[in-house]
Amino acid sequence: MPLIRDEFIKPDVRLAVWHITEAVEDFIAPRQLDLSAMHSEFRKKEVLAVYALLAHMTGKDDLIIGYDETGRPEVLGWKLSISHTKGWAALILSKTRTVAIDVEYMSDRVTRVTDRFLRPDEKKGSLFCQLVSWSAKETVYKLLSEEHLQYFEMRIKPFTESARGRVEVEDLTEPKSVMVDFEINDDFVLTYATGD
């Protein structure tokens, strides 16, 4: 079981990360889960890793993830957010708070699309800065899913480059900001946030 992290980041918010090293047949899927429409083994492993995290974190192996009208994942009795990327899956959940998470594998591919997600008044900076900015905006998009925010409707405030930190993301459609925690290592960048 390549569960590399499982912790309560707040008393009612739990976060876990899975390093996907298994084959599809190594996972135990809920009986009701139908993966027949998925042809990619890679995609199946991502979905199954999320379900492995869900079962581990809730103690229930029969939960099925649905989606509300905004596209936010839902499970009866839980507020959750999921993310997966090449080799990694992440899940954050709470009984009481809206939550959001994003994980992105370490790569310079983001440098080719900075003009699509960074505003002219945001710092492009290093690869580190670009990855955190991309992931933080993805996290805020998920947290505020009912707003359907576009990248240019969010602005990243200047932040210090460090292995762990916090970045403020302004919602330019409303007078408010979201604080997003970030962590970066040799393998991935992880960002997450909670609502009130």
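So, how was this worked out
Residues numbered from 1 in each chain as written. Predicted model: local features only at pLDDT ≥ 70, side-chain atom pairs only at ≥ 80, totals over all residues. Heavy atoms only, no water. Pairing = 2+ DSSP bridges. Helix = DSSP H or I, 4+ residues; strand = E, 2+ residues; numbered from the N terminus. Phe/Tyr/Trp six-rings, centres within 6.5 Å; stacked < 30°, edge-to-face > 60°. Lys NZ or Arg CZ within 6 Å of the ring centre and 35° of its normal. Axes fitted to C-alpha atoms, helices over the stretch in contact; angles between N-to-C directions. Contact = heavy atoms within 4.5 Å. Buried < 20%, exposed > 50% of the residue type's maximum accessible area, 1.4 Å probe, protein only.

Student: How should the pairing of strand S9 (residues 164–171) be read in this particular structure?
Tutor: If a strand is regular, its side chains alternate between the two faces of the sheet. Where strand S8 (residues 154–156) meets S9, three bridges bridge the pair, whose relative direction is antiparallel. Residue pairing in the sheet places Ile156 in a bridge with Val169 of S9. The hairpin formed by S9 and strand S10 (residues 176–184) contains four residues between the paired strands.

Student: Hey, could you run me through the packing of aromatic side chains in this one?
Tutor: Two measures describe an aromatic ring pair: the distance that separates the ring centres and the angle between the ring planes. Applying the stated criterion to the full structure yields seven aromatic pairs. Among the aromatic residues, ring-to-ring pairing joins Phe117, Trp134 and Tyr151 into one connected group. Over the ring of Trp78 we find Lys95; its NZ or CZ atom is 4.1 Å from the centre of that ring. Its end group placed over the ring of Tyr105, Arg109 keeps NZ or CZ at 4.1 Å from the ring centre.

Student: Can you walk me through the sheet that holds S10 in this structure?
Tutor: Paired through backbone hydrogen bonds, the strands of a sheet run either parallel or antiparallel to each other. Pairing in this open sheet of five strands is antiparallel, and the strands run S7-S11-S10-S9-S8 from one edge to the other. Only two strands of the sheet have a single neighbouring strand rather than two, namely strand S7 (99–105) and S8. Each neighbouring strand pair of the sheet contributes to a mean axis angle of 25°, computed without reference to strand direction. By the bridge criterion, eight bridges tie S9 to S10 in an arrangement that is antiparallel. Residue pairing in the sheet places Val169 in a bridge with Val178 of S10. In the packing of helix H3 (residues 127–143) onto the sheet, contacts are made with S7, S8, S9, S10 and strand S11 (188–194), and the angle to S7 comes to roughly 150°.

Student: How should I be thinking about the environment of Thr21 in this particular structure?
Tutor: Looking at the element boundaries, Thr21 is found in the loop between strand S2 (13–19) and helix H1 (41–58). Placed 67 residues apart in sequence, Thr21 and Trp88 show a C-alpha to C-alpha distance of 8.8 Å.

Student: How should the pairing of S2 be read in this particular structure?
Tutor: With respect to burial, S2 is a largely interior element, six of its seven residues being buried. One ladder, built from six bridges, connects strand S1 (residues 3–10) with S2; its direction is antiparallel. Each bridged residue has a counterpart across the sheet, and for Glu7 the counterpart in S2 is Leu15. The turn joining S1 and S2, which pair antiparallel and follow one another in sequence, is formed by two residues. The pairing of S2 with strand S6 (residues 88–94) spans seven bridges and is antiparallel.

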